[in-house]
Amino acid sequence: VKEHLVYFTEIGIDRIDADLPEVLVNQKPVQDNGEISQDQGQRFVPDEEFPIAAPAEKAKVEEVKSENTRRKLFDKARLSDMKVTTEERKSTLKIEPVEKTIEPIMSSEPKLKDTIVGDISDALPESKETLTEIRAAIGTDCNRCVLCENRSQVVNSVGNPNADLMFIGEAPGADEDEQGEPFVGRAGKLLTKIIEAIDLTRDEVFIGNINRCRPPGNRQPEKAEADVCKPFLLREIAVVRPKVIVVMGNTACQNLLDTKIGITKLRGSFKDYFGVKVMPTFHPAYLLRDPRKKREVWEDMKTVRAYLDGN
């Protein structure tokens, strides 16, 4: 964004403007993470009518009566009002040169360091560990990051150690922190319905999170926190060796695939992770806040089911 602003100034653009109704300015964005506060959208029914929830009443937006009213929203965007030169602005922004090459989502040699035992190649390495040994390595009083200060307990992955399908989320919530098991709250109940909609049960799949401790206030785990915890999940993947991993939500997806691309652009098609098919999709907690996205999740899950069936 900073680079764009400098560029616009250099080519003589004086104003950045947009024609937005006032209601959008004060509207809080819906994020694909965080604590659920509304009681809505728990039913997951995989039929023709399932994906679209009953449309909410459209908000009554008063028409913006004056061009001046709308333009007040963008007064601060007038670049020519900035009393600094282009060179001074560049110095203030500390703009670094942009790399010319674009890296793929996953390279053949991702920066996993010592996160998985064995040689890193295009296929999952063979692992001689067991899930029990990985849990023991984590410990019940893990203090590797600051999340240990507020959590009640470590929430380890659960499920079938020979599962063909694995689900990966972001981090435990309040219910998970209390019960010590991933996806047992309202979002977890919706995940159970999603699993059952493709003719499987929770006992037949493997479920875990990037982080095993609840962040305060259900905030997103920070990168340093995820970097500490993710290696244990990667070791579990090497043990379970699933055919498909469904990664749910921005945080989980970006951490597993080592990308900054958002979930909206990534979902809908398989990505490759050491020969394992990865399907990015929306987090169940997000579906509770925006049930309209259920249609897209259902399409993703039908693709997963078809692949597991050999189609």
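Now for a quick tour of the structure. (Residues numbered from 1 in each chain as written. Predicted model: local features only at pLDDT ≥ 70, side-chain atom pairs only at ≥ 80, totals over all residues. Heavy atoms only, no water.)

## A look at the packing of aromatic side chains
Here a ring pair, both rings aromatic, is described through the centre-centre distance and the interplanar angle of the planes.
Move 1: Tallied over the entire structure, the rule returns three aromatic pairs.
Move 2: With a centroid separation of 4.8 Å and an interplanar angle of 75 degrees, the aromatic rings of tyrosine 273 and phenylalanine 274 are classed as edge-to-face.
Move 3: What makes tyrosine 273 buried here is its relative accessible area of 1%. (Phe/Tyr/Trp six-rings, centres within 6.5 Å; stacked < 30°, edge-to-face > 60°. Buried < 20%, exposed > 50% of the residue type's maximum accessible area, 1.4 Å probe, protein only.)

## Some thoughts on the packing of helix α5 (residues 131–138) against helix α8 (residues 223–240)
Move 1: Contact geometry of α5 with α8 gives a least axis separation of 10 Å together with a crossing angle of 170 degrees. Relative to α8, α5 is oriented roughly antiparallel. Side by side, α5 and α8 meet where Leu131, Ile134, Ala137 and Ile138 of the first sit next to Phe232, Arg235, Glu236, Val239 and Val240 of the second.
Move 2: Of the residues assigned to the contact of α5 with α8, the class counts are seven nonpolar, no polar and two charged. (Axes fitted to C-alpha atoms, helices over the stretch in contact; angles between N-to-C directions. Helix = DSSP H or I, 4+ residues; strand = E, 2+ residues; numbered from the N terminus. Parallel < 35°, antiparallel > 145°, perpendicular 65-115°, else oblique. Contact = heavy atoms within 4.5 Å. Nonpolar A, V, L, I, M, F, W, Y, C, P; charged D, E, K, R; others polar.)

## Focus on the pairing of strand β2 (residues 165–169)
Within a regular strand, side chains alternate between the sheet's two faces.
Move 1: Among the five residues of β2, five are classified as buried, and the element is accordingly described as predominantly covered.
Move 2: Direction of pairing for β2 relative to strand β3 (residues 206–209): parallel, over a ladder of four bridges. Looking at β3, one finds that phenylalanine 167 is bridged to isoleucine 207. (Pairing = 2+ DSSP bridges.)

## Concerning the sheet that holds strand β4 (residues 244–248)
Two modes of strand pairing occur in sheets, parallel and antiparallel, and in both the strands are linked by backbone hydrogen bonds.
Move 1: In spatial order, the strands read β1-β3-β2-β4-β6-β5; together these six strands make up an open sheet with mixed pairing. Sheet topology places β1 (158–159) and β5 (271–273) at the edges, where each strand pairs with a single neighbour.
Move 2: Seen against the sheet, helix α9 (residues 250–257) touches β2, β4, β5 and β6 (276–281) and runs at an angle of roughly 130 degrees to β4.

## Topic: the side chain of arginine 267
Move 1: Assignment of secondary structure puts arginine 267 in the loop between α10 (263–266) and β5.
Move 2: A distance of 2.7 Å separates the side chain of arginine 267 from the side chain of aspartate 300, its partner in a polar contact.
Move 3: In contact with arginine 267, not counting residues within four places along its chain, are Pro280, Thr281, Phe282, Glu296 and Asp300. (Polar contact = N/O pair within 3.5 Å; in protein donor to acceptor, adjacent residues only side chain to side chain.)

## Quick word on α5
Owing to its 3.6 residues per turn, the α-helix brings residues three or four apart onto one side.
Move 1: Of the residues making up α5, those classed as buried are Leu131, Ile134 and Ile138. Projected onto a plane normal to the axis of α5, the buried residues spread over an arc of 60 degrees and lie on a single side. Among the exposed residues of α5, those pointing more than 90 degrees away from its buried face are Thr132 and Ala136.
Move 2: Next to the buried residues of α5 lie β3 and α8. (Arc of directions from axis to C-beta.)

## A few points about the nonpolar core
Move 1: Residues Leu165, Phe167, Ile168, Ile237, Val246 and Leu256 are the most contacted members of the largest nonpolar core, which totals 59 residues.
Move 2: With residues up to four places along the chain from it excluded, the contact list for leucine 165 reads Ile198, Leu200, Val205, Phe206, Pro242, Val244, Val246, Val304 and Leu308. (Core = buried A, V, L, I, M, F, W, Y, C linked by side-chain atoms within 4.5 Å.)

## What about the pattern of salt bridges?
Move 1: Within this structure, the stated rule accounts for twelve salt bridges.
Move 2: The partner of glutamate 126 in a salt bridge is arginine 241, with the nearest N and O atoms 4.0 Å apart. Of this pair, glutamate 126 sits in the loop between α4 (86–93) and α5 while arginine 241 is found in the loop between α8 and β4, placing the two residues 115 residues apart along the sequence.
Move 3: With relative accessibility at 32%, the residue arginine 241 sits in the partly exposed group.
Move 4: A salt bridge links arginine 292 to aspartate 290; its shortest N-O distance comes to 2.9 Å.
Move 5: What emerges from the salt-bridge pattern is a single network uniting Arg267, Lys293, Glu296 and Asp300. (Salt bridge = Lys/Arg side-chain N within 4 Å of Asp/Glu carboxyl O.)

## Section: the environment of valine 304
Move 1: Positionally, valine 304 belongs in helix α12 (residues 294–308).
Move 2: By relative accessible area, valine 304 is classed as buried at 0%.
Move 3: It is 9.0 Å that separates the C-alpha atoms of valine 304 and lysine 277, two residues lying 27 residues apart in sequence.
Move 4: In this view, valine 304 contacts Leu165, Val244, Val246, Phe270 and Met279; residues no more than four positions away in its chain are not counted.

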